[in-house]
Amino acid sequence: MATALSDTELLARLVAFDSTSARSNLDIADFLAGYLDGPGARIDRFPSADGEKVNLVVETGPSTTEGRQGLVLSAHMDVVPAGAGWSHDPFTLTDGGDRYFGRGSADMKGFLALAANAFNRASATVLTAPLALVLTYDEEVGCLGAQRLVAAWPKARSLPRATLVGEPTRLKALTRHKGHLTLRLTFRGVSAHSGYPHLGRSAVEPAAEAVAALSRLRRQLAAERPEGGDAFPETPYVALNVGRIEGGEAVNVIPDRCVVEMGLRLLPGMAAEPWVERVQEAIAPAVGGADWHLEVLRFTPALATREDAAIVRHLKGLLGQEEILSASYATDGGRLSELGLEPVICGPGDIAVAHKPDEYLPKADLEAAARLVDRLITDFCHV
């Protein structure tokens, strides 16, 4: 095991890795595997299909317990691109007095650092129930690492049910979040010189009609109140967003291809297929006889952890929280629940600053979260 670092020192090391989702994560994963490789630690690597990325599952304590006791701490290793507008180097942790600045400081390398240190401390003790770290890749682009982990996980092997996913929630416990269905709509036309438009067929024009139809569908959905929507008071409906349009080569060429990408934020319990059909039904009348195709890019499932789960009841007591909270974004928790885990989303920092320039993590949040994780390990792994 590597020399122990403080939470702040470890956070600085993690922020220094440019683990943007478009890059390989092998460097940060190898560093963490080395840092966690101490007495009693069992490290498993679950690589992506191309071997360029890897999930880590690191366990200590008993390998199994009756009733799946113990605790899982989950974090993703990737970050969103830094972008422009930073006052500091985004990949250098900067002390701002009462906060730390850096890409991923809140989302979610702060939790990753304190979870790794808590794991190492716990490994040096005698645990009566397992403690596991589940560290994933590509959460930011559709929870792809968690999806791969679920598919590759041995059926005969189990993890503890109680799971803390340390996304930035200002240390409030969330038990529900929406899923995300991402679709791509492709139109095909025939290219030609724009001076002779009768020789071609535009792919952009029917795509524009489709976007108008999707805008009407978006407004219709915003007026609906599906079952379970009251758990999301800010957006108690399926939210649709047309996020990307690309088409054409030049202004003097009839465009032969146009792509429209959209996302729908589905509520817990909603399957993807009916929503694909509903989007198709909205588009078809608007585009006439155009050549078009709709495909599913990815589906990140929603999360709805039962309110009487042990981790939910325990966290509410520790935090003094009475109300069950929810989020309109997706996390790895939705996928991890497919392994029989019972995830609660709770961690330091604020999601409102997570994808912006000058992302920051309050020092007080980091310290409070470290105390909370230590307490959970005591309560769930010394039973």
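See the structure printed just above.
Residues numbered from 1 in each chain as written. Predicted model: local features only at pLDDT ≥ 70, side-chain atom pairs only at ≥ 80, totals over all residues. Heavy atoms only, no water.

1. A short note on helix H6 (residues 273–287)
The terminal C-alpha atoms of H6, which comprises 15 residues, lie 21 Å apart, in line with the 21 Å expected from a rise of 1.5 Å per residue. What H6 keeps buried is the set Trp275, Val276, Val279, Ile283 and Val287. All buried residues of H6 fall inside an arc of 105° around its axis, so they share one side. Of the residues in H6, the exposed ones pointing more than 90 degrees away from the buried face are Glu273, Glu281 and Pro285. In this structure, the buried residues of H6 make contact with strand S9 (179–188), helix H5 (204–223), strand S11 (257–266) and strand S12 (291–300). Downstream of H6 by a residue or two, glycine 288 has a phi angle that is positive, lying close to 60°. (Helix = DSSP H or I, 4+ residues; strand = E, 2+ residues; numbered from the N terminus. Expected span 1.5 Å × (residues − 1). Buried < 20%, exposed > 50% of the residue type's maximum accessible area, 1.4 Å probe, protein only. Arc of directions from axis to C-beta. Contact = heavy atoms within 4.5 Å.)

2. Re the side chain of aspartate 358
Structurally, aspartate 358 can be placed in the loop between strand S15 (342–345) and strand S16 (360–362). Although aspartate 358 is buried, it forms no salt bridge, and the closest oppositely charged side chain is arginine 103 at an N-O distance of 8.8 Å. Side-chain polar atoms of aspartate 358 contact the backbone nitrogen of serine 87, separated by 2.8 Å. Excluding its chain neighbours within four sequence positions, the residues that come into contact with aspartate 358 are Gly85, Trp86, Ser87, His88 and Phe101. (Lys, Arg positive; Asp, Glu negative; His and termini not counted. Salt bridge = Lys/Arg side-chain N within 4 Å of Asp/Glu carboxyl O. Polar contact = N/O pair within 3.5 Å; in protein donor to acceptor, adjacent residues only side chain to side chain.)

3. Here's the deal with the nonpolar core
When a protein is soluble and globular, its nonpolar side chains tend to lie buried together. The biggest cluster of nonpolar side chains holds 56 residues, and the ones touching the most others in it are Leu71, Leu73 and Ile311. Apart from the residues within four sequence positions on either side, isoleucine 311 is in contact with Leu71, Ala162, Thr163, Glu342, Val344, Leu376 and Phe380. Counting residues in hydrophobic clusters, the runner-up holds 28 residues, among them Phe187, Ala203, Phe232 and Val279. (Core = buried A, V, L, I, M, F, W, Y, C linked by side-chain atoms within 4.5 Å.)

4. Brief notes about unusual backbone geometry
Each neighbour pair has its own omega, and for aspartate 107 with methionine 108 the value is -10°, a cis peptide bond. Here methionine 108 is to be found in helix H3 (residues 105–123). In this structure, aspartate 138 is a non-glycine residue whose phi angle is positive, near 55°. Tracing the sequence through the fold places aspartate 138 in the loop between strand S6 (131–136) and helix H4 (144–152). A positive phi angle, close to 55°, is found at cysteine 143, a residue other than glycine. With respect to the element layout, cysteine 143 can be found in the loop between S6 and H4. You can call cysteine 143 buried: its relative accessible area is 2%.

5. Some details on the sheet that holds strand S4 (residues 94–95)
Here three strands make up an open sheet; going across it, the order is S4-S5-S16 and the pairing antiparallel. The sheet terminates laterally at S4 and S16, the two strands that pair on one side only. Pairing of strand S5 (residues 99–101) with S16 involves three bridges; the strand directions are antiparallel. Within S16, the position partnered with tyrosine 100 by the bridge is leucine 361. Lying on the sheet, H3 is in contact with S5 and S16; it crosses S16 at an angle near 50°. (Pairing = 2+ DSSP bridges. Axes fitted to C-alpha atoms, helices over the stretch in contact; angles between N-to-C directions.)

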